[in-house]
Amino acid sequence: MKLATVAFYGFSLGLLAVGLRELLSGFEENRCSMTYMFEYPEYRRVSLPRRVARLYPAYGLYLYGEGVYAQETQALKLTGAPVLFLPGNAGSYKQARSLGSVALRKAENMEGGVHLNVFTVDFNEELVALYGGSLLRQTHFLHESIKAILRLYKHLKTPPQSVVLVGHSMGGVVARALYTLPRFNSNLVSLIITQASPHLAPVLALDPYLLDFYSAVRQKWVNQAKRLRNVTVLSVGGGYRDYQVRSGLISLPCPPGDPNKFSLVATAVPRTWVSTDHLSIVWCKELVLATVRAFFDLIDPDTRQFTDNPETKMAVLNHHFIRHPVRELGETEDTSISILDLPEAWSEVNTLRLAYSTPKEGLEKYFVFALSSRRKAYSHFYCRSNNMEMSSWVYGCVNKNGSSCVRAVDLSMGTELLPPYKVLILSLSDLSSVTHLVVSASNVNGRQFTVECEWQRQESQTVSVPVPHVLSFGLTVSDVTVNTSGLLHTIKLQHFHQVYQAFRINVASQCKAQKDRLPNVYRMNVPWFGEDSLTTASVPSVTEISGMLHTSRTDNTSDVLLQLHTAPNCQYKVSVRASLPRVLGQILRFCVPMVPVYTAVTLLLACGGQLSSILQSGRAADMSQVVGKGLQPHKVNLPVCILHILLSCSWFQEIWSTLRLPLMDALPPTTADATFHEGVLPVEEWPHLLSPLLYIFGAAVAFWGSTLLRLIIRLFSLVLAPLHRPSVSRDCGTLPVRTQLLITLCLTVIGGTMCGAFSLFAAFLLHLYRVLRLQMTVRSLSYMLNLAPRKHTEVENGTVSAESLSKSKECNGAPLLSECALQEVKDDLELHLCLSALFTLPVMLMAPSLIHWMRNLRYSAQLDPDPCWPHFVPLIIVYMLLINCNTLKLCNSKLLPMTSCLLLPLAVAMVTFSPLHLYRITYFLLVALVPLASCCLL
């Protein structure tokens, strides 16, 4: 049975490792280009008012500079447009150097002295993603920094009235939190660009301040959406390389229909098309260039400051981040073709497809396509070109006279930029007034390029393929073969709309004739969210595409589309196969907060199993055995599922609200357009369906974590053994009552005046010392019994059964050097090992606040606010009381039966109320440990 348990948890740990490996490394390599500084970067500190410096001694405001620019701005007499960079969790203010350096190089080519002044805030690299007590303080300092920045421009005739904010990670959340401040003037910030910022919900909610902060920000932006409509916010996610903040969390929680709020993934940004990890999104050259270009296009040439016009901001951001039309922003339509009258330069195209490569010498060339004969048979006109410098290249003739257009309309605004070329798709139904299409293929400057155009019937070039079931484990394959003579084919991936689905999509291309062709582009288009991804492949080739989603579908009207920009006269075979490793990776990406909850549940039920063993036999069971039995999904998940079903009934909701119970916890929604009611996130149902698997993962972590703890205890006991006199008593490592009271009082005072997590950690170390002493005693007794003559020869001869020795009454009064004494110490060791594993959880959950306190000791000796207050006091008392606990005291306690029955309901409550509020795990453990500590007294 023990071997079967080890094998089961070994297999479970293997599945967890496969999922973690896929989550952490199962993605494309980093294709971002590094941004480099051409001169040594300098950060000039901006002086703040004394009141601000006194209130926020750990924070600072800096101006980024290089070389000559740094010298010119030494006196802080600034004339540029202000941009303020906000670092995120544990982020450095020096991360602004990529944005600042690229902006300086861009300004060198600008006319009229237009340039940016890039500021950056030093938040002391605080862990605000794990400790929310500093978020409000950072928000207030940001407000003061914005006012200080604008004061630097008072000497100008037209000083800037607002500052553009660029926030990385939690810095983007802090930027949006500005509008929750009662005295904040919303006109001070009209544009916010965030990078990998978890706007929807925190990644891990380890203290209540974090969730309260998010709730206040969400309610402000939802309830006052009309007032904040003129504030433009662009949120960019990193994609699958960013495993710290999944890209579904970057969705802005705002009412649908607000045109000034954008959310998209970096893979969908034109000219970027790469996935970034959580840090590289700051320095990724492709994304930084898009950001800087947008900033310069947002500057009004008259005032040389950022425009406040919402329509202009929308147009610029749409141009650089959503759909790039391959022309300069504001470029007027070119209708010069209307005056051309060069018969020799015009060619009528009567075939279904055009493939033209320009010669080396300069030549004017125009291809004319008549629409009259094609309208009934075809629905679209597709055209693409590579290396073409012209932005206006496709025109519609409203009236054609001979070989020239009397009047032409520029149709090139619909052009879309793809990695190897630009593409234009025209719907013939929108061209009712156009008689002919004209494609300009002139290379007057002698630069060679290729133009390919064709008539398309969209219905015949669209194929629907149902994806395999997620539990097919890759054994089932959905495939389709496209014998293409066309340039664009679309494959609808039916039933692919949930984030826990993951597929390997292989596209194999074969061509009959070997010749130069434009590369293939495979585009995964997700209609309900800006998470498109593009893959470029040569011809012929075999290419694998990751079929995964950042968000779930919001309706039943759209499907994921795989668009194949193909080469003519080639065959393409597309096969879709479910991938178990990627499914596990997706589950962990979205459900990681539930794994520690189930780990805590397993350890709690293991403690309950230990108490039941002591209650029934008077002996403690082996820790690995009780932890292995802590996997009880039928007792934990079944009641939670029943509650979830009952809460869909109105009468049960009324009872629930009457009892004033909090809502069942839910993970952050996975839909792009999640609706919010009173600031409460909607419930996701699919994590409840996966709860047995998540329970297995949590139990595996608990089993192997407790095994690792036992191994560490044994190793440390070997190191500490020479420093202690050998002991044979079960009371080794215990504390006298007076010492207990004194230590408890001291730790309480230290926790109340300094940091509660520090006091709790000290109490945990004291209990760990008790475990180490028990381990050393077991080793000492075992060694002595091997040398000394056996006192219980009956046991050796088998005349007395082992079961009789398992009774505690038969060992009462036994000599110190005996098998019974060894068994008693072993029982106490197994009990305290279970308790130590349980005690580890509150310490780990409170570790961020302890780290934050230690890093800020030079500024303040007290952690304010302290998420451990006031529940750290009963936890310390419990830890100290349980140091002197042993199996004999528990066995004789009248409260033990009630305590052992209390742990299962607490485990169910923990799963019900803790996945989103992880800090509640400590509260439930405290409720379980208080009766257990009482058993040692009563």
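The structure under discussion appears in the preceding block.
Remember, predicted model here, so these are calculated numbers, not experimental data.

Turning next to the packing of aromatic side chains. For any pair of aromatic rings, the description consists of the separation of the ring centres together with the inter-plane angle of the planes. If you walk through the whole model with that rule in mind, you get 28 aromatic pairs. Three or more aromatic residues joined by ring pairs form one cluster here, namely Phe8, Tyr9, Phe703 and Trp704. Its end group placed over the ring of Tyr378, Arg457 keeps NZ or CZ at 5.1 Å from the ring centre.

The 5 strands lie next to each other as 12-20-14-18-17, forming an open sheet whose pairing is antiparallel. Unpaired on one side and paired on the other, strand 12 (353–357) and strand 17 (416–417) mark the two borders of the sheet. Two elements, strand 12 and strand 20 (residues 450–456), share 5 bridges in a ladder whose sense is antiparallel. By the bridge assignment, Arg353 is partnered in strand 20 with Glu454.

What follows deals with the pairing of strand 18 (residues 422–427). Burial analysis of strand 18 places 5 of its 6 residues in the buried class, the great majority of the element. Direction of pairing for strand 14 (residues 380–386) relative to strand 18: antiparallel, over a ladder of 6 bridges. Paired with His380 across the strands is Ser427, a residue of strand 18. As judged from the 2 bridges shared by strand 17 and strand 18, these two strands associate in the antiparallel manner. Counterpart to Glu416 in the pairing with strand 18 is Val423. Taking the residues that link successive antiparallel strands as the turn, the strand 17-strand 18 hairpin has 4 residues.

Once that is clear, we can look at the nonpolar core. Core analysis: the largest hydrophobic core is formed by 149 residues, its most contacted members being Tyr879, Leu882 and Leu890. Once you skip the residues sitting within four places of it in the chain, Leu882 turns out to touch His767, His832, Leu835, Phe839, Leu929, Leu932, Ala933 and Cys936. In terms of nonpolar packing, the next biggest core, distinct from the first, is built from 96 residues, Val46, Tyr64, Ala107 and Leu178 among them.

Attention now goes to a nonpolar patch on the surface. Side chains of Leu708, Leu711, Ile712, Leu715, Phe716 and Leu718 sit close together on the surface and give an oily, nonpolar patch of about 570 Å² of accessible area. Mapped onto the elements, Phe716 comes out in helix 17 (residues 691–720). Classification of Phe716 as partly exposed rests on a relative accessible area of 49%.

Looking now at the pairing of strand 4 (residues 116–122). Of all 7 residues making up strand 4, 7 are buried, and the element is well covered by its neighbours. Alternating residues of strand 4 divide into Leu116, Val118, Thr120 and Asp122 and Asn117, Phe119 and Val121, and every residue in both groups is buried. Sheet analysis places strand 3 (residues 81–86) next to strand 4, joined by 5 bridges and oriented parallel. Looking at the pairing, Phe85 lines up with Thr120 of strand 4.

Moving on to the environment of Gly65. Here Gly65 lies in strand 2 (residues 60–66). Accessibility expressed as a relative area gives 2% for Gly65, which makes it buried. Measuring from C-alpha to C-alpha, the distance between Gly65 and Glu42 comes to 5.1 Å, with 23 residues separating the pair along the chain.

Here is what the cut-offs are and how they apply
- Per-chain numbering applies: the sequence of each chain, read as written, is numbered from 1 onward.
- With pLDDT at 70 or above as the cut-off, local features in this predicted model cover only qualifying residues; side-chain atom pairs require 80 or more to be listed or tallied, and sums for whole chains, interfaces and linings still use all residues.
- Hydrogens and water are ignored here; the side-chain numbers use all heavy atoms of the structure.
- The criterion for an aromatic pair is that two Phe, Tyr or Trp rings (for Trp, the six-membered ring) have centres within 6.5 Å, with stacked assigned to planes under 30 degrees apart, edge-to-face to planes over 60 apart and tilted to the rest.
- For a Lys NZ or an Arg CZ to count as sitting over a ring, it must be within 6 Å of the ring centre and within 35 degrees of the ring normal.
- Should DSSP find at least two bridges between two strands, the strands are regarded as paired.
- Numbering of helices and strands runs from the N terminus; a helix is a DSSP stretch of H or I covering at least four residues, while a strand is a stretch of E covering at least two.
- A 1.4 Å probe rolled over the protein chains alone gives each residue an accessible area, and that area as a share of the maximum for its type sets the label: buried under 20%, exposed over 50%, partly exposed in between.
- The term nonpolar core refers to a set of buried residues drawn from Ala, Val, Leu, Ile, Met, Phe, Trp, Tyr and Cys, joined through side-chain atoms within 4.5 Å.
- Working rule for contacts: check all heavy atoms of both residues, and any pair within 4.5 Å makes them a contact.
- Each patch is built from residues that are more than 30% exposed by relative accessible area and take part in no salt bridge. Like charges join if they lie within 9 Å; nonpolar side chains (Val, Leu, Ile, Met, Phe, Trp, Tyr) join within 5 Å.
- For every accessible area listed, the method is Shrake-Rupley and the probe measures 1.4 Å; residues are considered covered only by the protein chains on display.
- By definition here, a salt bridge exists when the distance from a side-chain nitrogen of Lys or Arg to a carboxyl oxygen of Asp or Glu is within 4 Å.

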